[in-house]
Structure formats: structure tokens, C-alpha cells
Amino acid sequence: MLKITDLHAGIEDKEILKGINLEVNAGEVHAIMGPNGSGKSTLSAVIAGKEEFEVTKGSVELNGEDLDEVSPEERAHKGVFLSFQYPVEIPGVSVTNFIKTAINESRKARGLEEMPANKMLKLIREKSELLDIDRRFLSRSLNEGFSGGEKKRNEIFQMAMLEPKLAILDETDSGLDIDALRIVANGVNKLKSKDNAVIVITHYQRLLEYIVPDFVHVLHNGKIVKSGGKELALELEEKGYDWLKNEAVV
Amino acid sequence: MAYTEEELKKELETKEYEYGFYTDIESDTLPVGLNEDIIIAISKKKEEPEWMTLWRLEAFKYWKEMEEPEWANVHYKKPDFQSISYYSAPNKKPKYNSLDEVDPELLETFKKLGISVDEQKKLAGVAVDIVMDSVSVATTFKKTLAEKGIIFCSISEAIKEHPELVKKYIGSVVPKRDNFYAALNSAVFSDGSFCYIPKGVKCPMELSTYFRINQAGTGQFERTLVIADEGSYVSYLEGCTAPSRDENQLHAAVVELIALDDAEIKYSTVQNWFPGDKEGKGGVYNFVTKRGLCEKNAKISWTQVETGSAVTWKYPSCILKGDNSIGEFYSIAVTNNFQQADTGTKMIHLGKNTRSTIISKGISAGKSQNSYRGLVQVNSRAENARNFSQCDSLLMGNECGAHTFPYIEAKNKTAQIEHEATTSKIGEDQIFYCNQRGIDTEKAIALIVNGFSKEVLNKLPMEFAVEAQKLLEISLEGSVG
Ligand SMILES: Nc1ncnc2c1ncn2[C@@H]1O[C@H](COP(=O)(O)OP(=O)(O)OP(=O)(O)O)[C@@H](O)[C@H]1O
Ligand SMILES: [Mg+2]
């Protein structure tokens, strides 16, 4: 599904990603861990097509198509979803109105009619129940005044509504309390299928107890320095990153 | 709803001002220039009684002694008042009984504007009094209104048919010598609308007037007078659009509202005059005096969405004369390219327990300048007056400007005045967030702008809100590169 080859990207003169190789197949869950500032959010933004970052070398392919010339909204239409580490506030635009617009824009791009209102309402009801979201919450302005945890839950709600092919969850767990973490993780698990893939970016092993990864990668200084199975996350929890940093030098 | 999503999309694809066309209708135009003879000629053409002619001449006398104001935060080439023709009326002028009698070319114009009388007739609950250039051409729904005793007609007709009402109220809220443009308007006003709601009557439909400017080189001087008698209610809509033209077109209207005891007037405006092209050429100069007077327990709400004009100078105001009266001002002003807007309101608290609310939303894009100027004045006898003002500015890009000038004059210690102001910028992060959800940049901006403007859009009557939303989108398109 996703194939990243020798990806170099940065901003202005600063190179942040320094040769990433990663392949994600349908049905898989990949976890990306790594110290602060190692480039995890940059990688997800580059996959999503944020133009601020310049790709200087290498490629990102989605289902065999090079995404280089593909705009962020087109990537979204193709099924790429990013749960933001820092979701953005849009005052005066309700969660419902926003998601309705997002869904209909994607449908339009695929040559479909707008989703009828009753169907939309049904879908909203279904997904908000799945994630235990109070309906009143949906009429509030998008992310405005939301608590950290509410913002994250709202990201997953949008993901549930949009049913992406490739979902990247950038530190969705930070800010969630223990109950919320379980609810969100269960939600993600329910949405998982053999046709879609998930990349989970996290600092904590705890989330991975719920969303069990097939692969764990460690990103350090813009490179994947180690990959392994789910037990790698446990090892990191125990030992930290220092031993890997040394390994990277070698 | 008047517009489907599909139509909206199509409109968004048109980058140029789409109402830029000119209809060739024979006009009966007075020679250019302004002097007493011209004023007498205007009055005569309109078959006015002598008192009206004298009223105009007196206003002209005042105007000659006045100077054009300089204090607004706008810059423009002053109009040459002697090179304007002050009267122009469509030539084929008989009063039409039905649409069939109306000049087909004119109907075609309405169709292009998307405000064909036919369509308007279908729009439930809206009676339309269309002002084509200076003379009212068509009036609908008059009968329904007449049954309730509501008078809704052109001001010229009112001068002839209801002189006692006009004589009593015209100039009572905006005196002839109030300001330069008001004086000019009083001297030369060509037409406009008149509305009277009798005691205790709730007007069953939204009254609406569409204004436009058609004849090259003729300024338009509308005069609107709305009187809501005791305990009555009326919602009045005003919307307009103009053909694009190379030379600047002057518009100096006067709107007077009178809300007697316990009456309520809602006055909504969606204004979409040609703002000038991308280089700042052309466009309408809009200098308007709008003011309402509230008697005891009365309420006046001004709601406006301003997207047009090269230069806008406009301060709908309320004089809260009666005790417990309420004044409201809800405004969205959009400026793009080289537009300049200096708008705001004045709330004059004279009575006890008077309340006013001001919500102003300014959106600036391109190289435009958008200023809010608001005055809250509390008179010494206005015990317990309250005001809440909120002025929010949204900037798009780095070359535009937003300015807020709140003036407060409180002469009574019990006054409670609150003022809040915010300035925000549409951020790249907001746009990217929307893009990531599959919403393209143009649509993302529309969404953000609508969210920003929501408090005001919500105050508009339904059918107007849709149109206003569409206008916001059209006027900002292409503003983010
Ligand atoms: N817009 C930007 N301008 C300049 N530097 C940037 C920008 N975005 C990211 N960086 C830098 O790139 C590096 C990687 O940042 P990134 O946000 O990808 O890290 P991260 O791995 O997600 O960290 P965290 O775990 O703290 O979220 C950091 O040094 C950061 O300061
Ligand atoms: Mg990060």
C-alpha cells in the first residue's frame, strides 16, 4: 500500500528526514517510535503532502503511484488520513459541519453524489457511539476550547467517519486518560481490516498493548535505525533509546 | 433555498465579477451638473408637491456650504459633483400592472442578476420593490400588504399618496444638514422605498428591495424611510449589485428608520457592488447615512454583509431615545484587492435602561484596508445603559490591513460598556488541516470565513443568509495564492 524509498525531506536548508525506507502493506499495523525531534511528525506530514516540507530525494508511493505531484486533498481522497499530534482549531465551524464537508468533498472527487442528510446523521450517530462521544460535543466549534483528550478523540471520530485506507495516528495517545485510551484503541481496532493499514506514532508501549503492531520501527535523527516485532517496543520501554543511538553511529 | 451546491460551485469558478454587464435601455437623463434649476427639474419630473421642492432646495443650500468629510480612513479621488447627471429613469415608463408589460430587456437583466421578479415572486414571503436606476419599475405583493394596512411603495409615490407621513418623518432622523452626503441626497434623491407598518401589525413577510445602478455616469441617491408604528414589527431586506464600469460611480443613500413605542425593525443588507478590478480600477463609491430612532421599548437591528464597493463609508446607527429601547448592529465587511472600507456604527443612548450590542466582523484580503469605527455614547440621563461590543478581524495574507477605532463617551456613571477585539489570521496550519481532510484550499477558506462570520450570518433571514454566504465566497476567491 505505502512504499517509502530513500526519502529525504526538510525545510529550507535543514534536512529533517535523511533517507527513510518503509513499506506498509494492507492489513498491517506499524508502530513508529523515537525520541523527540527525531522526525516522526515530519514523516507523517510529508506522507500527507504538506507543501511546507521539501522532498529533496527519494519517493513516497501509494498503491504504486508516486505521490510527488499529488496535492494533500487528493491524497486524502485516495484514502490517506492523518490524526494530528496538534489538531487545529477552526472557530465557528462545528464538528458536524466540518466532517460533512470533508465527506462530501471526498465523494465529489470520486464522482459521487453528496451523502443524503439522513445517511449522514445515521453515520454520525453510529461512529459517535463507537467512540463514546456525547452528541452535544458535535455541535461545538472544531477543536475550539477542546481539552487535549477531546481533541484526540475527535481526530479518531473523523477517521471513523472517513474510513481511510491508510491512517497515520501521530501521538493520538498522549493526552488521553486511561479509559479514553481504551475506547479510542478499541475504536481503531474495530475499524481495522485486511484492506487498510495503520501507522501508529507513539512514545508509549501502553497504546501498543491495545493496538498490537505487526512491526515496530525506531526513528532517530531522520532515519529508521531499527525495526522489529512488537517485542521491540517492550525493549525500548525498558532500555530507552540510548543504546540505539550508539547503534546508529555504527 | 435559492442556491444548490452545484450552482454555488459554478459561481465559484467564475473569477471575474460576473454581474459586469450593461443593459441598453433608453433612458431619460437630465444634463450633468448640479444647481437649483436641476433640483427643480428633478422635483418636477417626479410631479412632487411644492413643499417637497422647497425641502430639496433648502437641503441644497446647506450642501453648498458644507465640505466633504476627510476623516474616514479611506483614500479616493473625490467625485466631481458637477459632472454627474442627477436623474435618470428608464424611458418606457408607464406603471406596469403585470410583468408581461415590462421591457423584456429589463427582465433579461433581472434574470442575469439572478433576481428576476418571477423568481422573487416564487421565493415565499418576499415582496419585491425593485429600484432600477432611479424609478421603481415593479412592485409585487402589494395587495397582501394592503390588506393589513401596510404601505410599501416607492418614496415618490409616498410623497404623492401619503404626504402627511412623509412630511412628518422625512429628515426627522437624518436631518438635511446632518452631513455632506446626506445633504446632497436630500437635495437630489431620485427614488427609494417607503414603508409604513400600522399600530400593532406584524408584517407577515420579509420586505425586500433590490437596488442597482445601471446608467453610465449617473450617481444613485436613494432615500428610504421605514416607519414602524406602535407595537408593530417589520423585517426589511436590502440587497444590491451593479454592472462593472470603468469610471467610478457614486452612491449616496439615506435610510431613516423610525420605531415607535414597542415596535421592532430588522433591517438587513447584503451589499455587492462592483468593488473595482484586481488593479483597483472602477468600482462604486458608497457613502451612506443610515440611522434609526427608537422610542420607548422599541428595538432596531441593523445586519449587514458588505462585500462590494471600491470605497465604503457607512455607519448604520441607532438613537436609543426611549427608555428600555434596544439597538443592535451585526456586520460583516469583506475587503479584497484594493477595496477600502470604513464602516461601523453609532449607538446613542439617551433613554434609561437602553441596551446596545455591536458585533463586527472584518475580513481583509489582498491589498485592502478594512476599518471599524464605532461610537458608543451614553447621555447623562441614560441611567443603566449597557453596551457590548465585539470587533473581530480576520486577515488573509500580509498585505492587507485591519483597523479598529472604538470611541466611548459615557456621561453617566451607571453605564456598563464592554469592548472586546480580536485579530486572527487564516493560518497555513488551518488550511493544511482542511486539505488533509480532503477539502481544497478555496473551500477551506470559505469554511473558515463562514465560521468566523457565523454569529452575524445567523442574524440574517434564511433566504438572505444563503445568498450572503455565497457572496462571501465569491468575493474572496483567488485571494490566497
Ligand atoms: N516547520 C519547521 N521549521 C523548522 N524546523 C522544523 C519544522 N518542523 C519540524 N522541524 C524540526 O524537525 C525536527 C523533527 O521534528 P518532528 O516534529 O518531526 O519531531 P517528532 O519526532 O515528531 O518529535 P515529537 O516526539 O516531539 O513529536 C525537529 O528538530 C524540529 O524542530
Ligand atoms: Mg511529533
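Looking at an unreviewed UniProt entry, one finds chain B named Fe-S cluster assembly protein SufB and attributed to Euzebyella marina. Under the Sequence similarities (unreviewed entry) heading, UniProt states for chain B: "Belongs to the iron-sulfur cluster assembly SufBD family."

As annotated in an unreviewed UniProt entry, chain A carries the name Fe-S cluster assembly ATPase SufC and is attributed to Euzebyella marina.

**Describing the sheet that holds strand S3 (residues 29–33) of chain A**
Residues and elements named next belong to chain A. Pairing is mixed across the open sheet formed by 6 strands, whose spatial order is S6-S9-S10-S3-S11-S12. Taken across any chain shown, the strands that pair with only one partner, and hence form the sheet edges, are strand S6 (80–83) and strand S12 (223–228). Across the sheet, the mean angle from the axis of one strand to that of its neighbour is 20°, orientation sign disregarded. Two elements, S3 and strand S10 (residues 197–201), share 4 bridges in a ladder whose sense is parallel.

**Some thoughts on the interface of chain A and chain B**
Tallying the contact residues gives 32 residues for chain A and 19 residues for chain B. In this assembly, chain A packs against chain B so that about 2200 Å² is buried in total across both faces, 64% of it on carbon and sulfur atoms. On the chain A side of the interface with chain B, the three residues burying the most area are Glu73, Phe84 and Val88 of chain A, jointly 21% of the side's total. Counting residues per element, the ones that place at least two in the side of chain A that touches chain B are helix H1 (40–48), helix H2 (72–77), S6, strand S7 (90–94), helix H3 (95–109) and helix H5 (148–162) of chain A. The element contributing the most residues to the side of chain A that touches chain B is H3 of chain A, with 7 residues.

**A look at helix H2 (residues 36–45) of chain B**
Residue and element names in this part refer to chain B. Buried within H2 we find Ile38, Ile39, Ile42 and Ser43. Seen along its axis, H2 keeps its buried residues to an arc of 135°; they face one direction. Away from the buried face of H2 by more than 90 degrees, exposed residues Asp37 and Lys44 are located. Looking at the packing, one finds that the buried side of H2 touches helix H3 (50–65) and helix H9 (180–188). The distance from a side-chain oxygen at the start of H2 to the backbone nitrogen of Asp37 is 3.0 Å, and the residue carrying that oxygen is Asn35.

**Quick word on the state of the cysteines**
Residues and elements named next belong to chain B. If you walk through the whole model with that rule in mind, you get 0 disulfides over all chains. This cysteine, Cys294, is not joined by any disulfide, and Cys318 carries the nearest cysteine sulfur, 5.5 Å off. Among the residues examined, Cys294 registers a relative accessible area of 0% and is labelled buried. Cys318 supplies the cysteine sulfur nearest to Cys391, a cysteine that is in no disulfide, at a spacing of 15 Å. The exposure class assigned to Cys391 is buried, which follows from its relative accessible area of 2%.

**Focus on the coordination of the magnesium ion (ligand 2)**
Residue and element names in this part refer to chain A. Here the magnesium ion (ligand 2) is held by the protein donor atoms Ser41 (OG) and Gln85 (OE1), which lie 2.0 to 2.1 Å from it. Pair noted here: Ser41 is in helix H1 and Gln85 is in the loop between S6 and S7, with a separation of 44 residues, a long-range link. On the basis of relative accessibility, which here comes to 29%, the residue Ser41 falls in the partly exposed class. Among the residues examined, Gln85 registers a relative accessible area of 18% and is labelled buried.

**Quick notes on the packing of H2 of chain B against H3 of chain B**
All names here are of chain B. At a minimum axis distance of 10 Å, the contact between H2 and H3 shows a crossing angle of 150°. If you check the angle between H2 and H3, you find them roughly antiparallel. Here H2 runs over H3; the crossing is right-handed. Along the contact surface, H2 presents Glu36, Ile39, Ile40, Ile42 and Ser43, while H3 presents Met52, Thr53, Arg56, Leu57, Phe60 and Lys64.

**Points about the pattern of salt bridges**
A complete count under the given rule lists 25 salt bridges over all chains for this structure. The shortest N-O distance in the salt bridge between Lys57 of chain A and Asp6 of chain A comes to 3.3 Å. With a gap of 51 residues between them, Lys57 of chain A in strand S4 (residues 54–62) and Asp6 of chain A in strand S1 (residues 2–11) connect regions that are remote in the sequence. Note on Lys57 of chain A: relative accessible area 46%, which makes it partly exposed. Put simply, Arg136 of chain A and Asp134 of chain A hold a salt bridge, and the shortest N to O gap is 2.9 Å. Residue classification places Asp134 of chain A among the partly exposed residues on the basis of a relative accessible area of 41%. One salt-bridge network, in which partners are shared between bridges, spans Lys50 and Glu52 of chain A together with Asp429 of chain B.

**As for the site of ligand 1**
All names here are of chain A. Around ligand 1 lies a shell of 16 residues, among which Gly37, Lys40, Ser41, Thr42 and His203 are the nearest. One nitrogen or oxygen atom from the main chain of Ser38 is found 3.2 Å from an oxygen atom belonging to ligand 1. At a separation of 2.8 Å, an oxygen atom of ligand 1 approaches a polar side-chain atom of Ser41. Within the complex, 66% of the 630 Å² of free accessible area of ligand 1 lies under protein. Elements with a minimum of two residues in the shell around ligand 1: strand S2 (14–24) and H1. Residues that form the shell around ligand 1 fall into these classes: 4 nonpolar, 8 polar and 4 charged.

**Quick notes on the packing of aromatic side chains**
Following the criterion strictly, the structure yields 13 aromatic pairs over all chains and no others. Between Phe84 of chain A and Phe432 of chain B, the ring centres sit 5.8 Å apart and the planes meet at 70°, which makes this aromatic pair edge-to-face. Remark: Phe432 of chain B occurs in helix H10 (residues 428–436) and Phe84 of chain A occurs in the loop between S6 and S7; the pair is interchain, linking two chains. Phe432 of chain B shares its class with Phe84 of chain A; the two are buried. One residue, Arg56 of chain B, lies across the ring of Phe189 of chain B, its end atom 4.1 Å from the ring centre.

The rules we used
- Residues numbered from 1 in each chain as written.
- Chains lettered and ligands numbered in written order.
- Predicted model: local features only at pLDDT ≥ 70, side-chain atom pairs only at ≥ 80, totals over all residues.
- Heavy atoms only, no water.
- UniProt positions renumbered as here; feature names shortened; annotations may be inferred.
- Pairing = 2+ DSSP bridges.
- Helix = DSSP H or I, 4+ residues; strand = E, 2+ residues; numbered from the N terminus.
- Axes fitted to C-alpha atoms, helices over the stretch in contact; angles between N-to-C directions.
- Contact = heavy atoms within 4.5 Å.
- Buried area = accessible area lost by both parts, 1.4 Å probe.
- Buried < 20%, exposed > 50% of the residue type's maximum accessible area, 1.4 Å probe, protein only.
- Arc of directions from axis to C-beta.
- Polar contact = N/O pair within 3.5 Å; in protein donor to acceptor, adjacent residues only side chain to side chain.
- Disulfide = S-S within 2.5 Å.
- Donors = N, O, S within 2.8 Å, 3.2 Å for Na, K, Ca; no water.
- Parallel < 35°, antiparallel > 145°, perpendicular 65-115°, else oblique.
- Left-handed = near helix turned anticlockwise from the far one by under 90°.
- Salt bridge = Lys/Arg side-chain N within 4 Å of Asp/Glu carboxyl O.
- Near = heavy atom within 4 Å.
- Areas by Shrake-Rupley, 256 points an atom, 1.4 Å probe, with all protein chains shown as cover.
- Nonpolar A, V, L, I, M, F, W, Y, C, P; charged D, E, K, R; others polar.
- Phe/Tyr/Trp six-rings, centres within 6.5 Å; stacked < 30°, edge-to-face > 60°.
- Lys NZ or Arg CZ within 6 Å of the ring centre and 35° of its normal.

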